[in-house]
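# Architecture and fold: a report
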Amino acid sequence: MSTPSATRAEPRPVKHGRRMVAVAVLIPLLAALALWAFAWPAARTAPRDLPLGVAGPAAATGQVEKQLAQQEGAFEIHRYADEAAARDAVEDRTVYGAVVVTAQGTELLTASAASPSVAQMLQQTVAEHAAASGAQVRTVDVVAAPAADPRGSALNASVLPLALAGIAAGAATTLLGLRGIRAVGALVGATALVGVAAATIAHTWLDVLTGNWWAEAGTFALATLAVGAAVAGLAALTGPAGIGIAAGVVMLLGNPFSGATGAPRMLPEPVGTIGQWLPPGAGTTLLRSVSFFDGAAATGPALTLTWWAVLGLGAVLLGGALRARTQDAEPAPEREPVAVG
């Protein structure tokens, strides 16, 4: 009996032709998406409601605020009574810097540890405004970047390796067939070792981090676990395709939207906000807080990473339980009777 034409396999040339078209279309689309994700935020870098303090008598600071307001939407002004209050705000990461007006002149407080590029931008902006009125500005770096990494290059370079380590941990856990508690144990153990290795390199060897060693190691581990758990969790629920989906989100959105090279408020909206919801951005912000600011403003990014890790590990456990239930529900194959004699 002949097989219906509808069920016949497609001729090999037709199948290969469709694959060629798929490759020819998907690769340029992927390249365009990657270029948009990385190049667009970089090309549109500018202050957007960047928190900036102004301190001093109202009569003296009014002119400063008026000058800053000329850059519409660039700065979010926070007013403080004196230099001490403004300095505390910089150290607490409430503002990126502060303009202090006193009888002796104008002083700019910055924190290059929070973002060397933002500190440089503030110096240029305030100096230009001061030059218009003939005043001189003295700059004080309240929380300076470490001498071994004054431009923050090493910290910025840590974003991609941690993301790759998380993706590798999640993918390996999935592809090796680990499920349930074993998968969770493998992810937690692997990422904990990543944290120890990263802190040893960045803090102990390179000396580009200056905070509590264990807090930094924990941050590295938690950021890696957040990515790894998301990759393994999505794969546990949707199959191996989940690895590609989660990895794509982390690499194409998480990295360029992290604000690691500048600050979230220097990126176009809603890129800056989205970046802080993803592990690379939250991890970078948390690392800066624990390493340079004694944990100031660490609660938000720590909770973001924790939620990613908890939800991802929960998905790993749920996926393992669903697969075990499916296997238990499948009828056992019947055995053929064994002939006797």
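For the structure, check the block above.
Anyway, here's the lowdown on the structure attached to this text. Everything numeric in this text was worked out from a predicted model, so none of it was measured.

## Overview of the overall build of the protein
Regarding its fold elements, the protein presents 12 helices and five strands. The principal-axis extents of the C-alpha atoms in the protein amount to approximately 110 × 45 × 30 Å. Put simply, the protein has 341 residues, and 43% of those count as buried. In the protein, of all internal contacts separated by at least 6 residues, the share reaching a separation of at least 24 is 72%. Only carbon and sulfur atoms are counted for the fraction: they give 63% of the accessible area of the protein, which is about 18,400 Å². One way to put it: in the protein the 20 positive side-chain charges average out to a point 16 Å from where the 22 negative ones average out.

## Topic: the pairing of strand S1 (residues 50–55)
The element S1 is largely enclosed, with a buried count of six among its six residues. Judged by which residues are buried, S1 turns out to be covered on both faces: Leu50, Leu52 and Val54 on one side and Pro51, Gly53 and Ala55 on the other are all buried. Where S1 lies against strand S2 (residues 75–80), six bridges are found, and the strand directions are parallel. Following the sheet pairing, Pro51 is matched in S2 by Glu76. In the classification by handedness, the crossover that spans S1, the intervening helix H2 (residues 58–69) and the parallel S2 is right-handed. Bridging between S1 and strand S3 (residues 97–102) involves three bridges; their strand directions are parallel. The residue of S3 that forms the bridge with Val54 is Val99.

## Remarks on the environment of Ala74
Topologically, Ala74 is positioned in the loop between H2 and S2. A relative accessible area of 5% means that Ala74 is categorised as buried. Linking Ala74 and Val126, residues 52 residues apart in sequence, is a C-alpha distance of 13 Å.

What counts, and where the lines are drawn
Residues numbered from 1 in each chain as written. Predicted model: local features only at pLDDT ≥ 70, side-chain atom pairs only at ≥ 80, totals over all residues. Heavy atoms only, no water. Helix = DSSP H or I, 4+ residues; strand = E, 2+ residues; numbered from the N terminus. Buried < 20%, exposed > 50% of the residue type's maximum accessible area, 1.4 Å probe, protein only. Contact = heavy atoms within 4.5 Å. Areas by Shrake-Rupley, 256 points an atom, 1.4 Å probe, with all protein chains shown as cover. Lys, Arg positive; Asp, Glu negative; His and termini not counted. Charge placed at Lys NZ, Arg CZ, Asp CG, Glu CD. Pairing = 2+ DSSP bridges. Right-handed = clockwise from strand over helix to strand, strands pointing away.

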